[in-house]
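# Observations on the three-dimensional arrangement
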Amino acid sequence: MKNMYVSITGIGTRLGSKQESASELARAFKSNDKDRTRYLKKNGFERLVVSKFADSEEFYSLSAEAIHEAIARSGINLKDIKFLYSGLACPVESRFLPGFARDISERVGLEGICSVDMGRGCVASMQALQVASDRLERMRCDGEYGAGIILGGENSSLVIDPNDQATSIIFSSGVAAAVVSNYGPMKHIVKKVACRNLSRKDLVDAGHSSNEMPGLIDSMVVKNPLLTGGREFFKMDGDKVYEFAAKHACKISLGLLGLSKVPEGAYIIPHQASPKALDSFIELNGLNAEDVYTEGARTIGNTSSATTLFGLADVQEKMEGREIILMPFGSGPSVGAVYLASLK
């Protein structure tokens, strides 16, 4: 008899092939070798290699590869895939319209399925997971088996200013695809998923002043070039983002799950904002470093809406038997939480 749960059953990932070490990128800001070494160590960038798309690479092609990998890993039949929800951090090609989801569905042989572009920002792929999980639960209640695909990704080459020290050494270009199903082989099931754009009350409950809301909204911004008349880069107020990530994101994520603390033995995969922010995230929330994933931020960088899927792909096999909590957060400010319960 088939399982009657909802689970992430396969993940595929791809990074851009144009890669530069953080040390090389830092030369633009720190010409002195000692200053550069000190800067890299202070920020946890010693092993970081930033990926961008080469001129010959296309986001559609890498997305198709990630989707095919996810399907192969899942063991799900292609005919059982009913939908594709795309949650990308920002426009990934030179055009805004038509939508990405329909085009990529057709490219991978899924023409005719329900294909929807979700929100923007670093939480977008988990917003896609929330909708996907709800849909699969309804199908399960009706006795219908099936699966869907969620996508997260970033083409930072389009929106990152190479001369901006706050962003040029953090963000990488990549895409992650996951198959979500209500049947098939399962190691972890989706126990609960919740995402929201935060209100002033959310910030106050988490310890922020309501007066900080305008500053947080403007702390991560990409203006619309159609309205400004020129190329626009992603702008980030590092201090405000760091404080929110380190002090408040964990508490808010737990609140979305109805929890006051991290369950004993659970493993956390937070948004891979930066090594420094994650070190403070661990310290200020009283967490054990071995129970929190930080390897992505230290090695491949911040892939925006794909970071938690990259992290899950990296550790899921090793975490068999443990509960996992995904904690994406980003511009808006927005926060998400995904509770993956072990079947063992």
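Please refer to the structure placed before this passage.
Quick look at the structure, then.

## Re the overall build of the chain
- The secondary structure content of the chain amounts to 13 helices and 14 strands.
- Among the 344 residues that make up the chain, the fraction classed as buried is 54%.
- By sequence separation, contacts in the chain at least 24 residues apart represent 78% of the contacts at least 6 residues apart.
- When the accessible surface of the chain is totalled, it reaches about 15100 Å², and 48% of it is carbon and sulfur.

## Comments concerning unusual backbone geometry
- Positive phi outside glycine occurs at Ser304, with the angle close to 55°.
- Relative to the elements of secondary structure, Ser304 occurs in the loop between α12 (295-299) and α13 (307-315).

## Remarks on helix α5 (residues 124-141)
- Its 18 residues give α5 an end-to-end C-alpha distance of 26 Å, which sits within 8% of 26 Å, the value for a rise of 1.5 Å per residue.
- All of the buried residues in α5 are Ala124, Ser125, Met126, Gln127, Ala128, Leu129, Ala132, Ser133, Leu136 and Met139.
- Gly143, located one to two residues past α5, shows a positive phi value of around 75°.

## Some points on the sheet that holds strand β7 (residues 174-181)
- Reading across the sheet, the five strands line up as β1-β7-β6-β4-β5 and stay open at both edges, with mixed pairing between neighbours. What marks the edges here is a single partner per strand, and that holds for β1 (7-15) and β5 (114-117). Within the sheet, the average angular offset between the axes of one strand and its neighbour, ignoring direction, is 15°.
- Taken together, the eight bridges between strand β6 (residues 147-154) and β7 define a ladder with antiparallel strand orientation. Note that in β7 the partner of Gly152 across the bridge is Ala176.
- Contacts between helix α3 (residues 59-74) and the sheet are confined to β1, β4 (81-88), β6 and β7, with β1 contributing the most and set at about 145° to the helix.
- This element, α13, spans β1, β6 and β7 of the sheet and lies at about 105° to β1.

## Digging into the pattern of salt bridges
- For the structure shown, the criterion picks out 14 salt bridges.
- A salt bridge links Arg36 to Asp33; its shortest N-O distance comes to 2.5 Å. Of the two residues, Arg36 and Asp33 are both situated in helix α2 (residues 33-43); the distance of three residues between them amounts to about one turn of the helix.
- For Arg36, a relative accessible area of 4% corresponds to the buried category.
- Overlapping salt bridges bring together Arg14, Glu65, Glu69 and Arg73 as one network.

## Observations concerning the pairing of β4
- The element β4 is extensively covered by neighbouring structure, given that seven of its eight residues are classed as buried.
- The pairing of β4 with β6 spans seven bridges and is classified as parallel. By the bridge assignment, Ile81 is partnered in β6 with Ala147.
- Where β4 and β5 come together, four bridges link them in parallel fashion. For Phe83, the partnering residue across the bridge sits in β5 and is Cys114.

## Examining the packing of aromatic side chains
- Counting across every chain of the model gives six aromatic pairs.
- Ring geometry for Phe53 versus Phe59: centroids 5.7 Å apart, planes at 75°, classification edge-to-face.
- Ring pairing ties together the aromatic residues Phe53, Phe59, Tyr60 and Phe100, which thus form one cluster.
- For Lys191, the ring lying beneath its charged end belongs to Tyr339, and the centroid distance is 4.8 Å.

## Brief notes about the environment of Asn163
- Tracing the sequence through the fold places Asn163 in the loop between β6 and α6 (165-168).
- Residue classification places Asn163 among the exposed positions, given a relative accessible area of 63%.
- Between the alpha carbons of Asn163 and Phe29 there is a distance of 8.4 Å; along the sequence they are 134 residues apart.

## Examining empty space enclosed by the protein
- Overall, the coordinates contain one cavity of 30 Å³ or more when judged by the stated rule.
- Taken together, Phe45, Leu48, Ile170, Gln272, Ala273, Ser274, Pro275, Ala297, Gly301 and Asn302 make up the full set of residues lining the largest cavity.
- Per-class residue counts for the lining of the largest cavity are six nonpolar, four polar and no charged.

## Details of the nonpolar core
- Met126, Leu129, Ile150 and Ile269 are the most contacted members of the largest nonpolar core, which totals 32 residues.
- Sort the elements by how many residues they give to this core and α5 lands first, with six residues.
- Other than its neighbours up to four places away in sequence, Ile269 contacts Tyr293, Thr308, Gly311, Leu312, Val315, Ile324, Ile325, Leu326 and Met327.
- One finds Leu256, Val262, Ala273 and Ala277 within the second-largest nonpolar core, a separate group that totals 27 residues.

## Topic: the environment of Met126
- Structurally, the position occupied by Met126 is in helix α5.
- The exposure class assigned to Met126 is buried, which follows from its relative accessible area of 0%.
- Residues Met126 and Ala194 lie 68 residues apart in sequence; the distance between their C-alpha atoms is 8.2 Å.
- Excluding anything up to four places from it in sequence, Met126 contacts Val193, Cys195, Thr308, Leu309, Leu326, Pro328 and Val338.

What counts and how
- Residues numbered from 1 in each chain as written.
- Predicted model: local features only at pLDDT ≥ 70, side-chain atom pairs only at ≥ 80, totals over all residues.
- Heavy atoms only, no water.
- Helix = DSSP H or I, 4+ residues; strand = E, 2+ residues; numbered from the N terminus.
- Buried < 20%, exposed > 50% of the residue type's maximum accessible area, 1.4 Å probe, protein only.
- Contact = heavy atoms within 4.5 Å.
- Areas by Shrake-Rupley, 256 points an atom, 1.4 Å probe, with all protein chains shown as cover.
- Expected span 1.5 Å × (residues − 1).
- Pairing = 2+ DSSP bridges.
- Axes fitted to C-alpha atoms, helices over the stretch in contact; angles between N-to-C directions.
- Salt bridge = Lys/Arg side-chain N within 4 Å of Asp/Glu carboxyl O.
- Phe/Tyr/Trp six-rings, centres within 6.5 Å; stacked < 30°, edge-to-face > 60°.
- Lys NZ or Arg CZ within 6 Å of the ring centre and 35° of its normal.
- 1 Å grid on protein atoms, 1.4 Å probe; cavity = no way out; pocket = protein on both sides within 12 Å on 5 of 7 lines; lining within 4 Å.
- Points joined across faces, edges and corners; volume = space filled by probe spheres on them.
- Nonpolar A, V, L, I, M, F, W, Y, C, P; charged D, E, K, R; others polar.
- Core = buried A, V, L, I, M, F, W, Y, C linked by side-chain atoms within 4.5 Å.

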